[in-house]
Amino acid sequence: MLVVDDTPDSIMVLCALLKGRYDTRVAISGEAALRLLGAAPVDLVLLDAVMPGMDGYEVCRRIRANPATVAVPVVFLTAQSAPEDAARAVAAGASGHLAKPVEPALLLAMVERLLAR
């Protein structure tokens, strides 16, 4: 699993929640995320929408455009919770959209469902 977020606190919370359940790698930018995805297979991406440089929407579009990663589930985790933000995530190819702060049980249920496919 790849956690992509530019905020260290968010990364620490997510990694602590996933620890012992999933192997996680971390990227602090969209560019770094795409490099990691190109270097080794990933089964799921947890992606922040708003990051400096390349935002999460562009990262997701590039994941979907790459034949090697087109099927990797992408879940947006973002402070943006308006309906149009969720619609933008889905239009970019997201498999899910959760508002921060993330409810741990909801995140884990979504991850489990997406990985079971």
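Described below are features of the structure shown in this document. (Residues numbered from 1 in each chain as written. Predicted model: local features only at pLDDT ≥ 70, side-chain atom pairs only at ≥ 80, totals over all residues. Heavy atoms only, no water.)

Quick notes on the packing of aromatic side chains
- Applying the stated criterion across every chain yields a total of one aromatic pair.
- Each ring, one from Tyr57 and one from Phe76, has its centre 5.1 Å from the other, and the planes form 25°; the classification is stacked. Residue Tyr57 is located in helix H3 (residues 56-65), and its partner Phe76 is located in strand E4 (residues 74-78); the two are separated by 19 residues in the primary sequence.
- Look at Phe76 and you get buried, because its relative accessible area is 0%.
- For the cation-ring pair, Arg88 lies above Tyr57, with the distance from its terminal atom to the ring centre recorded as 3.9 Å. (Phe/Tyr/Trp six-rings, centres within 6.5 Å; stacked < 30°, edge-to-face > 60°. Helix = DSSP H or I, 4+ residues; strand = E, 2+ residues; numbered from the N terminus. Buried < 20%, exposed > 50% of the residue type's maximum accessible area, 1.4 Å probe, protein only. Lys NZ or Arg CZ within 6 Å of the ring centre and 35° of its normal.)

Considering the pairing of E4
- The element E4 is extensively covered by neighbouring structure, given that five of its five residues are classed as buried.
- Side chains of E4 alternate between two faces, with Val74, Phe76 and Thr78 and Val75 and Leu77 buried alike.
- Two elements, E4 and strand E5 (residues 96-99), share four bridges in a ladder whose sense is parallel. Looking at the pairing, Val75 lines up with Gly96 of E5.
- In the classification by handedness, the crossover that spans E4, the intervening helix H4 (residues 83-92) and the parallel E5 is right-handed. (Pairing = 2+ DSSP bridges. Right-handed = clockwise from strand over helix to strand, strands pointing away.)

Things to note about the side chain of Asp85
- By secondary structure assignment, the location of Asp85 is in helix H4.
- Buried within the structure, Asp85 lacks any salt-bridge partner; its nearest side chain of opposite charge belongs to Arg88, at an N-O separation of 5.7 Å.
- With residues near it in sequence (within four places) discarded, Asp85 still touches Tyr57, Gln80 and His97. (Lys, Arg positive; Asp, Glu negative; His and termini not counted. Salt bridge = Lys/Arg side-chain N within 4 Å of Asp/Glu carboxyl O. Contact = heavy atoms within 4.5 Å.)

Things to note about the side chain of Thr69
- Within the element layout of this structure, Thr69 appears in the loop between H3 and E4.
- Polar contacts involving the side chain of Thr69 include one to the main-chain carbonyl oxygen of Ile63, which spans 2.7 Å.
- If sequence neighbours within four positions are ignored, Thr69 has contacts with Leu37, Arg62, Ile63 and Arg64. (Polar contact = N/O pair within 3.5 Å; in protein donor to acceptor, adjacent residues only side chain to side chain.)

Side note on the sheet that holds strand E2 (residues 25-27)
- Spatially, five strands are ordered E2-E1-E3-E4-E5 in an open sheet, and the strand pairing comes out parallel. The open sheet has two free edges, formed respectively by E2 and E5, since each of these has just one partner strand. Strand-to-strand twist in this sheet, taken as the mean axis angle between neighbours without regard to direction, amounts to 20°.
- Bridge analysis of strand E1 (residues 2-4) against E2 gives three bridges, and the strand direction is parallel. In the strand pairing of E2, Val4 is matched with Ala27. (Axes fitted to C-alpha atoms, helices over the stretch in contact; angles between N-to-C directions.)

Digging into the packing of helix H2 (residues 30-39) against H3
- Interaxial distance between H2 and H3 falls to 9 Å at its minimum, and their mutual angle equals 20°. Classified by the angle their axes make, H2 and H3 are roughly parallel. Pair H2 / H3 crosses with right-handed handedness. Contacts from Gly30, Leu34 and Leu37 in H2 reach Val59, Arg62 and Ile63 in H3.
- For the contact of H2 with H3, the per-class residue count stands at four nonpolar, one polar and one charged. (Parallel < 35°, antiparallel > 145°, perpendicular 65-115°, else oblique. Left-handed = near helix turned anticlockwise from the far one by under 90°. Nonpolar A, V, L, I, M, F, W, Y, C, P; charged D, E, K, R; others polar.)

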